[in-house]
Amino acid sequence: MIDGVLTQMDGMLDSWTPNITLHHLLRVLQTDSGGIELMLALLAAVLGFFFSKWLSRRHFYSTATHEWPFGKYLLYRLLFPLSAQLLTQLLALGWQVNQGRASVILPIAATLLFWMSVIRVASAIVRHALPDGKLERNSEHLLAMLLWLGFAAWATGVDNLVLNWLESVRFRIGRNELNLLMILSALLWVTVIMIGALWVSKLIERRVMKLGEIDMNMRFVITKLSRTLLIIGAVMVALPIVGIDLTVLSVFGGALGVGLGFGLQKIASNYVSGFIILLDRSIRIGDRLMVDGRVGYVGKITARYVVLKGLDGSEVLVPNEALIANTVINQSYTDKQIWISLPVQVSYDTDLELAQRLLCEAAQHPRVMDDPAPSAFVVAFAESGINMELGLWVRDPENGMMGLRSDINLRIWKLFREHKVQIPFPQREMRVINPDAS
């Protein structure tokens, strides 16, 4: 199968490039016409580069590349090779009309640009199939390097030698005789099919996440189920291609069941719990949770854990099983508004009704809800003064509480000073009895 694919590729590329040897190419480059062709090829590459840069600045630099859809990113990557290849082929056609003979260097340059387009298409698929991050970037660079090495092997004629050597390395596993070419071709097909499945699942995820009429948790369920089914389908397709009988899955399924029963029950439990959380919508993205005394906001829900981002910026990975089996306080289950209180103490000679009005006036803030309105309470008669408390509802707790508390406390301090309301502090009197006694 690999030989057939390579034969078809050779036929397509041979129709683009003249059938010349490396020695002949070097002789052509030493002539005046060869130098002119090389200069024309470089001119086409430079013009294609600046033309692609101009189009990029005009149409593609509005957002970051990782936020682009697949079609836009692919077009961005193909601007330079396609424009330079078109210019090179036009120059080759003009050369043939003007000189009365076919060009040698320009078709080779067009072939190189065509292969660059193929590499960038494959790299774009890999980039959008794999998760964002370092793995995605490294895989893209590794694939480009391997494809360029494959092209160099084809251009120099080394590919047949390499394929023959791989096929000559044989060994037996049981009754089956294998060689390196079969193993590498099997790995290649499995990789291609799996990347294709991941790419399709990511396209489905992007489309589903844009459906605003569907609940966010249901969108996560659809994307995770589609990815799981596509990966399973890719495995079912890849195994027969590489010559593995699907009946081995029965043995593998039994072994997997035993493994889940003994060592993988936690992983299976977290996976099932993740789907339960998404389906019953008890926890959603942006909810404010209190888990084991820690308060944070749900930033991400995966198949194994929930990312809980604390108010200090730290992130905790909470296993899904813990959210199902334990008590979790969801402070934004019905709505995200929460109630907070600010304690304050006034002296015993204070007009308490005035102090209550001043506290409610200090709570007039854009982030504080008007309905229900802030309320002030007389809590207790303490040792140094009267304890009061200001209660209010916050409409956007995700923006933090420290700044809001500071603003309201400053307003309380200013209003109390304006109206001569004193905030007491602990005082101690010392009396010396019988100071003359020794």
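Note that the structure is a prediction, hence the values are computed from the model and not measured.

A. Spotlight on the overall build of the protein. Helix and strand counts for the protein come out as 14 helices and 10 strands. When each of the 438 residues of the protein is scored for burial, the buried share is 32%. Once local pairs closer than 6 in sequence are excluded, the contacts in the protein between residues at least 24 apart make up 65%. Summing over all exposed atoms, the protein offers an accessible surface of approximately 27300 Å²; the carbon and sulfur share of this is 63%.

B. Fine view of the packing of aromatic side chains. Summed over the entire model, instances satisfying the criterion amount to three aromatic pairs. Ring geometry for Phe-49 versus Phe-80: centroids 6.3 Å apart, planes at 80°, classification edge-to-face. Here Phe-80 lies in helix H4 (residues 70-99) and Phe-49 lies in helix H3 (residues 32-59), a separation of 31 residues in the sequence. On the accessibility criterion, Phe-49 (39% relative accessible area) is partly exposed.

C. Spotlight on the pairing of strand E9 (residues 375-381). When E9 meets strand E10 (residues 386-394), the two strands line up antiparallel, connected through six bridges. Across the sheet, the residue bridging to Phe-377 is Glu-389, located in E10.

D. Just the packing of H4 against helix H5 (residues 105-129), in detail. Relative orientation of the contacting elements H4 and H5 amounts to 175°, with a least axis distance of 9 Å. By the angle between their axes, H4 is roughly antiparallel relative to H5. Classifying every residue of the contact of H4 with H5 by side-chain character gives 20 nonpolar, five polar and three charged.

E. Highlighting the pattern of salt bridges. Going through the model one piece at a time under the given rule, you end up with three salt bridges. For Glu-205, the salt bridge is made with Arg-227, and the minimal N-O distance between the two is 3.2 Å. Taken together, the positions of Glu-205 in helix H8 (residues 180-209) and Arg-227 in helix H9 (residues 216-241) put the pair 22 residues apart, joining distant regions of the chain. Accessibility expressed as a relative area gives 31% for Arg-227, which makes it partly exposed. With a shortest N-O distance of 3.8 Å, Arg-284 and Asp-287 are connected by a salt bridge.

F. Region of the structure containing the nonpolar core. Judged by nonpolar contacts, the single largest core of 25 residues is most densely connected at Ile-340, Leu-359, Leu-390, Leu-392, Ile-408, Ile-412 and Phe-416. Elements supplying a minimum of two residues to this core: strand E8 (338-346), helix H13 (352-362), E10 and helix H14 (402-418). Beyond its immediate sequence surroundings of up to four residues, Ile-340 is in contact with Leu-390, Gly-391, Leu-392, Val-394, Met-401, Leu-404 and Arg-405. The next biggest cluster of nonpolar side chains, apart from the first, holds 14 residues, and it includes Ile-277, Val-298, Val-306 and Leu-323.

G. Spatial organisation of the packing of H13 against H14. Their axes nearest at 9 Å, the elements H13 and H14 cross at an angle of 140°. Here H14 runs oblique to H13, going by the angle between their axes. Regarding H13 and H14, the two cross each other, and that crossing is right-handed. In this structure, H13 contributes Ala-355, Leu-358, Leu-359, Glu-361 and Ala-362 to the contact, and H14 contributes Ile-408, Arg-411, Ile-412, Leu-415 and Phe-416.

Cut-offs used in this document
- Residues numbered from 1 in each chain as written.
- Predicted model: local features only at pLDDT ≥ 70, side-chain atom pairs only at ≥ 80, totals over all residues.
- Heavy atoms only, no water.
- Helix = DSSP H or I, 4+ residues; strand = E, 2+ residues; numbered from the N terminus.
- Buried < 20%, exposed > 50% of the residue type's maximum accessible area, 1.4 Å probe, protein only.
- Contact = heavy atoms within 4.5 Å.
- Areas by Shrake-Rupley, 256 points an atom, 1.4 Å probe, with all protein chains shown as cover.
- Phe/Tyr/Trp six-rings, centres within 6.5 Å; stacked < 30°, edge-to-face > 60°.
- Pairing = 2+ DSSP bridges.
- Axes fitted to C-alpha atoms, helices over the stretch in contact; angles between N-to-C directions.
- Parallel < 35°, antiparallel > 145°, perpendicular 65-115°, else oblique.
- Nonpolar A, V, L, I, M, F, W, Y, C, P; charged D, E, K, R; others polar.
- Salt bridge = Lys/Arg side-chain N within 4 Å of Asp/Glu carboxyl O.
- Core = buried A, V, L, I, M, F, W, Y, C linked by side-chain atoms within 4.5 Å.
- Left-handed = near helix turned anticlockwise from the far one by under 90°.

These figures capture arrangement, not role.
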